[in-house]
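Coordinate inspection notes
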Amino acid sequence: MEIGIVPIIPLGFAFFLPLLGYFVKSRRVIELYALTASILTAYASWKLFIMAYSSEEPLVYFVGNWPAPIGITLEVDRLSALIVLTASILFLLAMVYSIGYMEREKGIHYYYTALLGLETGIIGALMTGDAFNIFVMFEVIGAASYSLVGFIRRDGKAVEAAFKYGIIGALATSLYFLAMGFVYASFGTLNLADLSAKFHGIPFPVTVKTFGDPTLALAIFFALTISMVVVKSANFPGHFWLPDAHPAAPSPVSALLSGLVVAVPIYVLARYLYTVFPPEGEIRGVISAVLLILGASSAFLGSTMMLVQRDIKRLVAYSTIMHTGYMFMGLGVLSFTGLMAVTYHIVNHALAKALLFLAAGSFIHASGTKDFEKMAGIGKSMPFTTFAFVVATLSLVGVPPLNAFFSKMLIYDALVERSFALGVVIIITSAVAAWAYFRALVYLWRGKPREGHHHEHEHSHEGPHGHENPYMALVMVVMAVAVIGIGILSPMLIDRLAIPAATQAMDYRSYIDAVRRLAERIIASG
Amino acid sequence: MNFESAFLNVLYFSAVIYALAFILYGIRAIKGPTTADIILAVDCLSFDMAAFMVVLGIYFKSIMLASGAIILALWAFMLDVYYTKYVLYGEVEV
Amino acid sequence: MNPLRRFSPATFVIVLAVYLFYTGSVSEYDLITGSIVALIVSFLVDHWLVKNESKFFSPRRWFHAIVYGLRYFLIEETKTHIDVAKRVFTLKANPGIVRVPLDVESDYGKVLVANSITNTPGTVVVDISDDGKWLYVHWIDVSTLDEKEVKENVVSYFEDYAKKIFD
Amino acid sequence: MISFLLAYITITLFAMLFLGIYGVATRSNLIKKIIMLNIANDAINMLFILIGYRMVFPVFPPVYEKHITFREFLEKSVDPLPQALVLTAVVIGMAMNILLTTYAIQFYRLHGTVDARDIAEVMRGDDE
Amino acid sequence: MIELHLLILVIVVSFGFVFSYLAMKEHDLLKALALSSVQSTFFALGFYILAAPDIVLAYLAIAVGAYTALVILAISKTERYEVGE
Amino acid sequence: MKRDILVAVSLLVAFLFIAYAVTVKNVLGLGGAELRPLGEFYLSNAFAHEGLTSHSPEVVTAIVWNYRGFDTLFETFVFFLAIMGALSVLRLTDEQEKLVRELEATMPHRQMDLIVRATTKLVVIMIIAISASIALHGHLTPGGGFQGGSAMAVAALLLFAAFSKFTLERKGLTLKHTISAYAVGLALILATVLAPVFLYNGKVLEINLLPGEMGLFNLDVGEYLAVAFGFLTVFLVLGIPEWVFKVVLRGELND
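Read on for a plain summary of the structure. (Residues numbered from 1 in each chain as written. Chains lettered and ligands numbered in written order. Predicted model: local features only at pLDDT ≥ 70, side-chain atom pairs only at ≥ 80, totals over all residues. Heavy atoms only, no water.)

Facing 36 residues of chain B, the contacting portion of chain E comprises 37 residues. Of the roughly 3100 Å² buried between chain B and chain E on both sides combined, carbon and sulfur atoms contribute 82%. The largest per-residue losses of area from chain B upon contact with chain E belong to B:Trp75, B:Tyr83 and B:Tyr86, which jointly make up 18% of the total buried on that side. At the junction of chain B with chain E, the criterion picks out zero salt bridges. (Contact = heavy atoms within 4.5 Å. Buried area = accessible area lost by both parts, 1.4 Å probe. Salt bridge = Lys/Arg side-chain N within 4 Å of Asp/Glu carboxyl O.)

So, about the side chain of A:Thr113. As for its placement among the helices and strands, A:Thr113 is situated in helix H4 (residues 108-127). With residues up to four places along the chain from it excluded, the contact list for A:Thr113 reads A:Ala14, A:Leu17, A:Pro18, F:Phe80, F:Leu81 and F:Met84. (Helix = DSSP H or I, 4+ residues; strand = E, 2+ residues; numbered from the N terminus.)

All right, on to the packing of helix H6 (residues 114-136) of chain F against helix H7 (residues 145-162) of chain F then. Residue and element names in this part refer to chain F. The N-to-C vectors of H6 and H7 enclose an angle of 170°; their axes lie 8 Å apart at closest approach. One way to sum up the angle between H6 and H7 is to call them roughly antiparallel. Every residue of H7 that contacts H6 at Val116, Arg117, Thr120, Val123, Val124, Ile127, Ile128, Ser131, Ile134 and Ala135 is listed here: Gly145, Gln147, Gly148, Ala151, Met152, Ala155, Leu158, Leu159 and Ala162. The class makeup of the residues in the contact of H6 with H7 is 13 nonpolar, five polar and one charged. (Axes fitted to C-alpha atoms, helices over the stretch in contact; angles between N-to-C directions. Parallel < 35°, antiparallel > 145°, perpendicular 65-115°, else oblique. Nonpolar A, V, L, I, M, F, W, Y, C, P; charged D, E, K, R; others polar.)

Backbone geometry at A:Asn65 places phi at a positive 60°, although glycine is not the residue there. Its location among the elements puts A:Asn65 in the loop between strand S1 (59-62) and strand S2 (73-76). With a relative accessible area of 29%, A:Asn65 lands in the partly exposed category. Phi is positive for F:His55, close to 55°, though the residue is something other than glycine. For F:His55, the location among the structural elements is in the loop between helix H2 (37-45) and helix H3 (59-67). By relative accessible area, F:His55 is classed as partly exposed at 32%. (Buried < 20%, exposed > 50% of the residue type's maximum accessible area, 1.4 Å probe, protein only.)

Now for H4(A). Taking 1.5 Å of rise per residue, 20 residues should cover 28 Å, and H4(A) covers 29 Å from first to last C-alpha, within 8% of that figure. The buried fraction of H4(A) is high, at 20 of 20 residues. (Expected span 1.5 Å × (residues − 1).)

Moving on, we get to a negative patch on the surface. Residue and element names in this part refer to chain C. A grouping of Asp146, Glu147, Glu149, Glu152 and Asp160 is seen on the molecular surface, where their side chains present a negatively charged patch. If you tally residues by element for the negative patch, the top one is helix H6 (residues 147-154), at three residues. Within the secondary structure layout, aspartate 160 lies in helix H7 (residues 156-166). (Patch = residues over 30% accessible without salt bridge, like charges linked within 9 Å, V, L, I, M, F, W, Y side chains within 5 Å. Areas by Shrake-Rupley, 256 points an atom, 1.4 Å probe, with all protein chains shown as cover. Lys, Arg positive; Asp, Glu negative; His and termini not counted. Charge placed at Lys NZ, Arg CZ, Asp CG, Glu CD.)

Residue and element names in this part refer to chain A. Remark: helix H10 (residues 251-261) packs on helix H14 (residues 336-367), axes separated minimally by 8 Å, with the N-to-C direction vectors making an angle of 160°. The pairing of H10 with H14 is recorded here as roughly antiparallel in orientation. Helix-helix and strand crossings are classified by hand; for H10 and H14 the assignment is right-handed. Here Ser251, Pro252, Ser254, Ala255, Ser258, Gly259 and Leu260 of H10 lie close against H14, whose contacting residues are His349, Ala350, Lys353, Ala354, Phe357, Leu358 and Gly361. Tallied by class, residues from the contact of H10 with H14 come to seven nonpolar, six polar and one charged. (Left-handed = near helix turned anticlockwise from the far one by under 90°.)

On to the environment of A:Thr275, then. Residues and elements named next belong to chain A. With respect to the helices and strands, the residue threonine 275 is situated in helix H11 (residues 263-276). On the accessibility criterion, threonine 275 (1% relative accessible area) is buried. Setting aside residues up to four positions removed in sequence, threonine 275 forms contacts with Ser196, His200, Ala270, Ala505, Tyr508 and Tyr511. Separated by 2.6 Å, the side chain of threonine 275 and the backbone oxygen of alanine 505 make a polar contact. (Polar contact = N/O pair within 3.5 Å; in protein donor to acceptor, adjacent residues only side chain to side chain.)

Once that is clear, we can look at the arrangement of the chains. When the eleven pairs of chains in contact are compared, the highest contact count belongs to chains A and F. No interface is formed between chain C and chain D, the nearest pair of C-alpha atoms being 12 Å apart. Note that chain A does not reach chain E: the shortest distance linking a C-alpha of one to a C-alpha of the other is 14 Å.

All right, on to the pattern of salt bridges then. In this structure the tally under the stated criterion is 28 salt bridges over all chains. Ionic pairing is found between C:Arg87 and C:Asp83, a salt bridge with its closest N-O pair at 3.4 Å. In this pair, C:Arg87 and C:Asp83 are both assigned in helix H4 (residues 59-90), four residues apart and thus about one turn of the helix distant. Between C:Lys151 and C:Glu159 there is a salt bridge, with the nearest N and O atoms lying 2.7 Å from each other. Through salt bridges with shared partners, a single network forms among F:Arg101, F:Glu104, F:Lys165 and F:Glu169.

Residue and element names in this part refer to chain C. As summarised here, the arrangement of the three strands in space is S1-S3-S2, forming an open sheet in which the pairing is antiparallel. Only two strands of the sheet have a single partner each, and these edge strands are strand S1 (96-101) and strand S2 (123-128). Strand-to-strand twist across the sheet, computed as the mean angle between neighbouring axes with direction ignored, equals 30°. Where S1 and strand S3 (residues 134-139) come together, six bridges link them in antiparallel fashion. Across the sheet, the residue bridging to valine 98 is valine 137, located in S3. (Pairing = 2+ DSSP bridges.)

So, on to the interface of chain A and chain F. Across the boundary between the two partners, chain A contributes 70 residues, which contact 64 residues of chain F. Between chain A and chain F, a total of about 6000 Å² is buried, with carbon and sulfur atoms accounting for 74% of that surface. It is A:Phe15, A:Trp66 and A:Arg153 in chain A that bury the most area against chain F; as a group they hold 15% of the surface buried on that side. Taken together, the connections running from chain A to chain F amount to four salt bridges. Its salt-bridge partner being F:Glu34, residue A:Lys209 comes within 3.3 Å of it at the nearest N-O pair.

Next comes the structure, spelled out in structure tokens:
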């Protein structure tokens, strides 16, 4: 199979969706079209996953047959293939869920266009092997997610959140663009493998020397990139947009934003820190300290803010800040265990957080309000949703047989290697988060329906519905089973998936060699 | 004194005058008590810039760079029309 | 309606000329692509740009246009420049806005008159009445308020040529 | 002389970049935020092009013309890669402008203000 | 001779900085936009000096053309004056 | 106010650090007369007769659409997504569109005066010709699809301002047409990108459908159409008068 065609599939389908939506008024046709696109993408990424795990080296694809430093390279190793697979499956599920959730919205083709665009951006950012291409992919992700956040245009909060997210995201990616300037100025190339080769002093065709002061340039590059990642993945100083943006989006979109979109910048940072420029000397200590401090403070911030929320989606959104804090801390350890833990946590968190948002969205869809004190007692009438909600919360809190427990434990192990105090951060924040979830659950399950409950419907934008939609219930049950299944199979999956992924990601020599050998052959043949 | 050097001298002279005009227009754009003054200054500055670009193009002996000047002149016209319509009617595209 | 009636040869010529002028080369590729573009544009805009094709292709009008261009830029501009320069140094100015009747019929003629007036130093067209019959001109030296004399001083030179070229 | 001029240019451009960021962070009007974002982007673009510039005279744009020899072209032409990247960034910047402006307009339609401080009040009012 | 280019660039960036500062301080958004178009025009000259004709064409159409029109449209649909401190 | 000072101080610190790095340490490597090897490679290969060549004397376009065409494909996609995002904020259902037509019919058309209109006619025709020339010459002289397309969009904007939006709509330019033309442009780009995969088992974006210098022609035309009509689509919807849109929106909010 052509690797290069994987990100083109959703792109190509997205290109013609607005035209279709303008001429064909039937909702079913549009939904079927979008579903076809995501099924094809999921199939393609499954193939990609099989290929990546059966090959010893990273898969390399030269777009347009231009060899490495000249053209753009797609380079897929096990780490990215794993996340690509997770992403495309989650997108498929979210689209099925959307059929039920968006049944009362108008202009549905714009929604699916942006959703396919988001999928393209995420897959592209994970697959690419070019530093500048990552910038473009971030802008694809950005453009799609801003328009998805503001999709419910009659909601002033959503529009404001979309603007805030948009302007801060645009500024952050601009900074990353400036970082590209520093990289190109001193290393003279933009290819990740080539950059890694320059950094390690390995020869590479075409680009032969460095300019200026590479060490200082690298420091500035990391400063700018980390500030971009901090904003895009909502860690401590740059987190302020997330609690507005994620809850304001339609629930399936919130699930994808919280589960995947915040994980992509973290993946990129991991790629830079572990594969391309594994930091050495002074800079290593500084980067490690910065990441640990930022991660710990956002974990504390997220968990304490969870306690005071009444809006069910805001509660989950703050939990996302806490979990990106964990991922940052895991990266900050700069060890093999850290990378492995973060990889596995990205997958598990994506699944569990998406499930949590979908369940919350289902409650909102049925009750017509976002305030869980007002939807008291609704849990009893919606058994599947409640089951999904409980499974997801237990998993995120870290209850043993469920999936996120294992990845949290791995992060804990990685942190304790560095210092015991860091491990304590995870325990404390998890306990606080558990209390917050417990509070919400008690309201949902035990609370008595309040007086005037039915009058609330008029003011909310997602009107009451009453029963569980079959599409939504199906998706949630599938995902809950996956959460439990992955949890039970975890010891095996860690051995089979996470450890090979992390090993390959840290093996910069094979990462460079895979590209260099092919590039040398093409350049020699001319 | 052959023709080319004389021509170059004239070019130098006109380039300096254009550069001085930048400053005058700039002062008007900064001071301009009303919006109309600023807009007029921007407009004149754009055309001045276009002419300056042509002069530089001749000086560097590159035809390619002159295409930007044509475009700038056309765009400055558009800018004027937009400002004017906004100032006159409040809304632009009706 | 016959679709061929939409085709406007004058627009075709204008577009092709601008295309080739901007490109700066007359190769096979330019001629082919230019013709295609000009063909599409001239079908699209219909007779919106040029209403009367025969006027556009009349050599007499083109001759007048060239004569006018030469005389305007070489003689009239110089004269007014000297005049205004004198006024600047002697500080003799009597500015004011006057209303001038306009006899030219066609739109392009009016534009030519108005732009010629604005382009010469000392006079600026401020506005045109909605029916296009009156011009409001800011004049550096309002020596007379009589309509005919004003017209004689400000407009008539340009208007004669505008009539010859466009009417 | 050359290094002094270059230092002046780069420092001014960086100052402009930080001015833009400061403007985005502190101005309260949403449209003003967009204007300042563009200023920051412009500064970054100019810096990027400056990276590809060469201190040779006369300097050619990276477009091969028939009247110069290939060798001369190679010696005098600037680096084309930064220009290609900036072209991409300019387009993306414009795309973001369109999107953000639309949201600002839509917000004004819903709440009658584009001022961030008023927005905070409006939002607080909605919660209660 | 390359100093000549750099001198023009110095003028360009100085004007650009001054005008963007003024644009930030201006409370009338229409004026701020006009000031920032002065900055854009100077930057177009800057790109021109840096031998980037492609960028000049794209940048002029965007920054002087479409962007200005877009923001004027936005101003006409929202408010013209920024509320002071 | 306190926050402003905090932001200013932290930015100032960052600025001082970067200024030190750039001027004293010359991190950006400015001031040299030599090219970076990658740039030199592009310059010497872009229009060579054989080897890794893209047959285009315009090196920037060669990089933009050929060597790094993947970037540009996704850049077009960003532009597409942004326009669709704007449209999704300004979307109108069929009934709303009808209502907009009815309300707009009651409005006075504010055209500008005769001189501006006549001048605009000429200038618009000139801009269209020039934009086509920029776009179609993208692979030979400075320019390209994006530059030409945005120039074309500016011509349309000029028409919007000098005449009114309604004048154009009465002439037959509606959202349906612009969206269709946009899709045609995108289809051309996508076909050029994917054709090698299906035709001769090549790779994505391996452009040699047309011989020699004409290789980038397709992409130029596609991008030209896409950008021009993308802009037009947005401005057609943005140009709906404010009070009309407010009436429509109020109807939706009361549902």
